[in-house]
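Notes for the structure review
Here is how the chains run, residue by residue.
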Amino acid sequence: MLYSPRLTDQILIVAGEASADLHAARTLHELQRLRPGITAFGVGGPRLREAGLEALAPAEDISVMGLAEVLPRIPRILGILRMLGRAAAERRPRAALLVDLPDFNLRLAARLKKLGIPVVYYVSPTIWAWRQGRAKKIARVVDRMLCILPFEERFYEGTGVSARFVGHPFAERPPPGPAEAYRSALGLPASRTTIAMVPGSRPSELKRLLPPMLQAAERLRAAHPDAQFVVPVAPTLDRAALEPYLAAHRTLEVRLVDGRTEEVVGASDAALVKSGTSTLEAGLMLRPMVVVYKLSWLSYAVARMLVKIAHVALVNILAGRGIVPELLQGDASPERMAAEVERLLGDRAAREAQIAALREVRASLGEPGAPLRVAEEVLGVMR
């Protein structure tokens, strides 16, 4: 159903990291299609800005992971929170779409609730992993909670939160093609051993993960002289941010690709992938992978006390078992990374078992159409 534009058809959108920016941009496109004339302001990355968001601040300013990393940024983050509150009070948007980033967005939701602005929250906080008490706060400040993982909706039963599983945005993606097709699209030689390295979208992740990944690549090249390595550069990063790390490995053949994480992983024989949404994005390409992550010692100590789940990789959580190796903190060493990738390159049974499990994960994500369902929920609270 199409709607006539109104002067008050304005919404507030806040999305932090690269995956949230992508999900929000697709939703904004659907809103524009369903309700021509709708406009949006708030905080977003390059994809949201391209979709027409009036960005009052860039996503990079609020997308920070880890306690030690957040502390020096608190003044700037709180300044953006206050600025968004003032903008909402002045502009009176018909609704707010807040995507992920719970520590920031739940605080903003509380301010919006006081202003009488309905809040649709997209990508549920991980209350199933830690801080289950947040459900009470969510019930007070969020009008609709839209979940992207199939098991999340039941965690809100009895909490007073109006929750709905809308399907995962990645369910939109077609099944992957052969590796040779992706290598051709990226201009890579088809016959060479190809290893993808996905270090993340934050400077802090690059600092902790890219150096050991590159050192692992040196070890893998010693065993596979024909090896080529491909790194997708997240839209929230500039290529220049990677140069200091690459400079220490000038003899290593590393191809940088702007975005296109799917194609980079699709082109690979195996992948090293940082924990987070990237693991699911990579897993849907049905390529063997190893998940790695490092936090500051303080952030990791706090996380160990609070997190109550057996796995951290999203594909393992969805599968309910450890289908891909997880190398965390000290285990995310160049030696361990190289050894696990080497096993996946050389052990056919291990490769096939992991790929079969990843097919199950892909099938669990629901039907395509998540951006449309989210847009319909936003229009529903606007009415």
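The structure displayed is predicted, hence computed values, not measured ones. (Residues numbered from 1 in each chain as written. Predicted model: local features only at pLDDT ≥ 70, side-chain atom pairs only at ≥ 80, totals over all residues. Heavy atoms only, no water.)

Brief notes about the overall build of the protein chain
If you tally the helices and strands in the protein chain, you get 17 helices and 13 strands. Against the compact-globule benchmark of 21 Å for 383 residues, the protein chain has a radius of gyration of 21 Å, which places it among compact chains. Principal axes of the C-alpha set define a box for the protein chain whose edges measure 60 × 45 × 40 Å. Within the protein chain, buried positions represent 56% of all 383 residues. Counting only contacts in the protein chain whose residues sit at least 6 apart along the sequence, the fraction spanning at least 24 positions is 68%. About 15,800 Å² of surface is accessible on the protein chain, with carbon and sulfur atoms providing 54% of the total. With 51 positive and 40 negative side-chain charges, the protein chain shows a separation of 6 Å between the mean positions of the two kinds. (Helix = DSSP H or I, 4+ residues; strand = E, 2+ residues; numbered from the N terminus. Rg over C-alpha atoms; globule rule 2.2 N^0.38 Å. Buried < 20%, exposed > 50% of the residue type's maximum accessible area, 1.4 Å probe, protein only. Contact = heavy atoms within 4.5 Å. Areas by Shrake-Rupley, 256 points an atom, 1.4 Å probe, with all protein chains shown as cover. Lys, Arg positive; Asp, Glu negative; His and termini not counted. Charge placed at Lys NZ, Arg CZ, Asp CG, Glu CD.)

Some points on the packing of helix α1 (residues 18-34) against helix α17 (residues 370-382)
Describing two packed helices takes the angle between their axes plus the distance from one axis to the other. Axis separation between α1 and α17 bottoms out at 8 Å; the angle between their running directions is 60°. For the element pair α1 / α17, the angle class is oblique. Both α1 and α17 take part in a crossing whose hand is right-handed. Taken together, the residues of α17 that come into contact with α1 (itself represented by Arg26, Thr27, Glu30, Leu31, Arg33 and Leu34) are Pro371, Leu372, Val374, Ala375, Glu376, Val378 and Leu379. (Axes fitted to C-alpha atoms, helices over the stretch in contact; angles between N-to-C directions. Parallel < 35°, antiparallel > 145°, perpendicular 65-115°, else oblique. Left-handed = near helix turned anticlockwise from the far one by under 90°.)

Points about helix α15 (residues 334-346)
Here α15 is 13 residues long and its end C-alpha atoms lie 18 Å apart, about the 18 Å a rise of 1.5 Å per residue gives. Taken as a whole, α15 has its buried residues at Pro334, Met337, Ala338, Glu340, Val341, Leu344 and Leu345. Looking straight down α15, one finds that the buried residues subtend no more than 165° of arc, so they occupy a single side. Elements that come into contact with the buried residues of α15 comprise β8 (194-198), α9 (203-223), β11 (270-274), β12 (289-293), β13 (326-328) and α16 (348-363). (Expected span 1.5 Å × (residues − 1). Arc of directions from axis to C-beta.)

Some words on the environment of valine 198
With respect to the helices and strands, valine 198 occurs in strand β8. Spatially, the C-alpha atoms of valine 198 and leucine 256 are 11 Å apart, while their sequence positions differ by 58 residues. Residue contacts for valine 198: discarding those within four places in its chain leaves Met213, Pro232, Thr261, Val265, Leu272, Val273, Lys274 and Ser278.

As for α16
Structural remark: α-helix, 3.6 residues per turn; residues separated by three or four positions point the same way. An ideal rise of 1.5 Å per residue puts 22 Å on 16 residues; α16 measures up with 23 Å between its terminal C-alpha atoms. Buried residues in α16 make contact with α12 (277-283), β12, α14 (314-319) and α15. Of the residues flanking the start of α16, the one acting as N-cap is aspartate 347, its side-chain oxygen 3.1 Å from the backbone nitrogen of alanine 349. (Polar contact = N/O pair within 3.5 Å; in protein donor to acceptor, adjacent residues only side chain to side chain.)

A look at unusual backbone geometry
The phi dihedral of aspartate 100 falls on the positive side, at around 55°, and the residue is not glycine. Take aspartate 100: it is sitting in the loop between β4 (95-99) and α5 (102-114). For leucine 286, which is not glycine, the phi dihedral falls at a positive 60°. Checked against the element boundaries, leucine 286 lands in the loop between α12 and β12.

Let's talk about the side chain of threonine 279
Examined against the element boundaries, threonine 279 turns out to sit in helix α12. In terms of polar contacts, threonine 279 uses its side chain to reach the backbone amide nitrogen of leucine 314, at 3.3 Å. Residue contacts for threonine 279: discarding those within four places in its chain leaves Val273, Lys274, Met289, Val291, Ala313, Leu314 and Val315.

Observations concerning the sheet that holds strand β6 (residues 144-147)
Spatially, the seven strands line up as an open sheet ordered β3-β2-β1-β4-β5-β6-β7, and their pairing is parallel. Edge positions in the sheet fall to β3 (54-58) and β7 (163-165), since each of these pairs with one other strand and no more. Strand-to-strand twist in this sheet, taken as the mean axis angle between neighbours without regard to direction, amounts to 15°. Looking at chain direction, strand β2 (residues 39-44) and β3 are connected through four bridges and run parallel. (Pairing = 2+ DSSP bridges.)

A word on the domain arrangement of the protein chain
Annotation of the protein chain at the domain level lists domain 1 (10-171 + 367-382) and domain 2 (179-365). Look at where the C-alpha atoms of domain 1 and domain 2 centre, and you get two points 28 Å apart. (Domains from an automatic or database assignment.)

Points about the pairing of β8
In terms of residue burial, β8 counts as a mostly covered element, since five of its five residues are buried. Burial along β8 is two-sided: the residues Thr194, Ala196 and Val198 and Ile195 and Met197 are all buried. Pairing of β8 with strand β9 (residues 228-233), which is carried by three bridges, proceeds in the parallel orientation. Looking at β9, one finds that isoleucine 195 is bridged to phenylalanine 229. Regarding the hand of the β-α-β motif, the stretch spanning β8, α9 and β9 is right-handed. (Right-handed = clockwise from strand over helix to strand, strands pointing away.)

Considerations on the pattern of salt bridges
In the structure shown here, the tally under the stated rule is 23 salt bridges. When the shortest N-O distance is used, the salt bridge between glutamate 17 and arginine 202 registers 2.6 Å. Taken together, the residues glutamate 17 in the loop between β1 (10-15) and α1 and arginine 202 in the loop between β8 and α9 connect sequence positions 185 residues apart. The burial state of glutamate 17 is the same as that of arginine 202; both residues are buried. Arginine 91 is the partner of glutamate 54 in a salt bridge, and the nearest nitrogen-oxygen pair spans 2.9 Å. Residue glutamate 54 is located in strand β3, and its partner arginine 91 is located in helix α4 (residues 74-91); the two are separated by 37 residues in the primary sequence. Under the relative-accessibility criterion, arginine 91 is labelled partly exposed at 29%. Through salt bridges that share partners, Glu17, Arg202, Glu205 and Lys274 make up one connected network. (Salt bridge = Lys/Arg side-chain N within 4 Å of Asp/Glu carboxyl O.)

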